[in-house]
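# Structural features, examined
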Amino acid sequence: MRIQTDAVNVVSRASSYLLSGLLKRKPLWFDVVAKYPPKQNLIKVPYIQSKENKDPRNDQFELKKRDRKRPLSALYQTRASKMENGNLNRKIHRIPKLKFLEDEIRDYFHLRHPWENARPKTLVENSGDEVSRKCDWSRMLQLYKPLDGESVVQRTMYILQNDPEVKDVFEAYDIARFEYYKLRMAEEMESHVAKEESVMHGAVFESTHLDWNLTTEQKYIDDWVKIASEKTQVLEANRSKSNAPAGSMGGEEVEAAQVSIFEVFCKSVHQRELKVSKERRSRVQQKTHEETSRALYIIEMKMKRILEK
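Note that the structure is predicted; figures quoted are calculated from it, not measured.

What counts as what
- Residues numbered from 1 in each chain as written.
- Predicted model: local features only at pLDDT ≥ 70, side-chain atom pairs only at ≥ 80, totals over all residues.
- Heavy atoms only, no water.
- Salt bridge = Lys/Arg side-chain N within 4 Å of Asp/Glu carboxyl O.
- Helix = DSSP H or I, 4+ residues; strand = E, 2+ residues; numbered from the N terminus.
- Expected span 1.5 Å × (residues − 1).
- Buried < 20%, exposed > 50% of the residue type's maximum accessible area, 1.4 Å probe, protein only.
- Arc of directions from axis to C-beta.
- Contact = heavy atoms within 4.5 Å.
- Patch = residues over 30% accessible without salt bridge, like charges linked within 9 Å, V, L, I, M, F, W, Y side chains within 5 Å.
- Areas by Shrake-Rupley, 256 points an atom, 1.4 Å probe, with all protein chains shown as cover.

## What about the pattern of salt bridges?
Under the defined criterion, the tally for this structure stands at ten salt bridges. The salt bridge partner of E179 is R155, with a shortest N-O separation of 3.0 Å. Of the two residues, E179 sits in helix α7 (residues 169–200) while R155 sits in helix α6 (residues 149–162), which places them 24 residues apart along the sequence. Of the charged contacts in the structure, one is a salt bridge between R184 and E187, with a shortest N-O distance of 3.0 Å.

## What to know about helix α4 (residues 101–112)
End to end, α4 covers 17 Å across twelve residues, agreeing with the expected 16 Å (1.5 Å per residue, within 8%). All buried positions along α4 are accounted for by I105, F109 and H110. For α4, the angular spread of the buried residues around the axis is 125 degrees, confining them to a single face. Those residues of α4 that are exposed and angled more than 90 degrees off the buried face are D107 and L111. Close packing links the buried residues of α4 with α6 and α7.

## Some words on a nonpolar patch on the surface
Taken together, the side chains of L296, I299, M303 and I306 make up a nonpolar region of the molecular surface, amounting to roughly 420 Å² of accessible area. Turning to its location among the elements, M303 is positioned in helix α10 (residues 261–308).

By themselves, these figures tell us nothing about what the structure is for.
Structure, rendered in structure tokens:
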């Protein structure tokens, strides 16, 4: 993409439009851009050699005493040198990258604490100024914001700006980081104590979805290990009897070994699922039978009471 040089002449164009009447009001940016114009104009102007022109390129056309014997073509510069190309500022129209100290502290904290990103966070904001307006960073714990890595960043900036004894960013970061560690340890200790107290009073905690997934996966892995060990024993036995004569018992074992371990595993899983479904079905039938018998008993008792009255 070519460099757009039209923005360099925006002041001259706006002034000409004002003089001609195309613009009735002066733009708000006109005085600022006129006072601080761009540093370099990249528009190429055609060069015309003349004595009145004070362009430094006129010196290239003057013959020097030592170069009079050389042809005229040796005195013309047809392209820019490496030094001239190196001095050009091609990034003058590019938007500079904004760099903030908070971003560097935030990146450094999450690089050292990667598991902090695994904690659940609320991405919905009411007005966006909860951190700057409502929070008081003279302390780490806040009422309107949970404890996370952003707390360390804001606390570091507060210490760096308001504490005269702290003169280094790393010192302020260490102070905020150790405060964060103490509060995290206090939170974990409170959760452990609360769980132990609830268990002492008779609370029962069910297994989480992650624990259930791990237990079911481990069952399938154990079945796979059993089947694989049996099949490896069969394969080793067939290798030892590979030279058995025709019509012996070794041929049947070879044919049985041709079935893959995965097929045997799938069959065992299918059989287990059928067994579990049958047991579940029998439990449901037994439960419905008990409920119907109980309902019939209640109806009979009500009918007896009505007849006695």
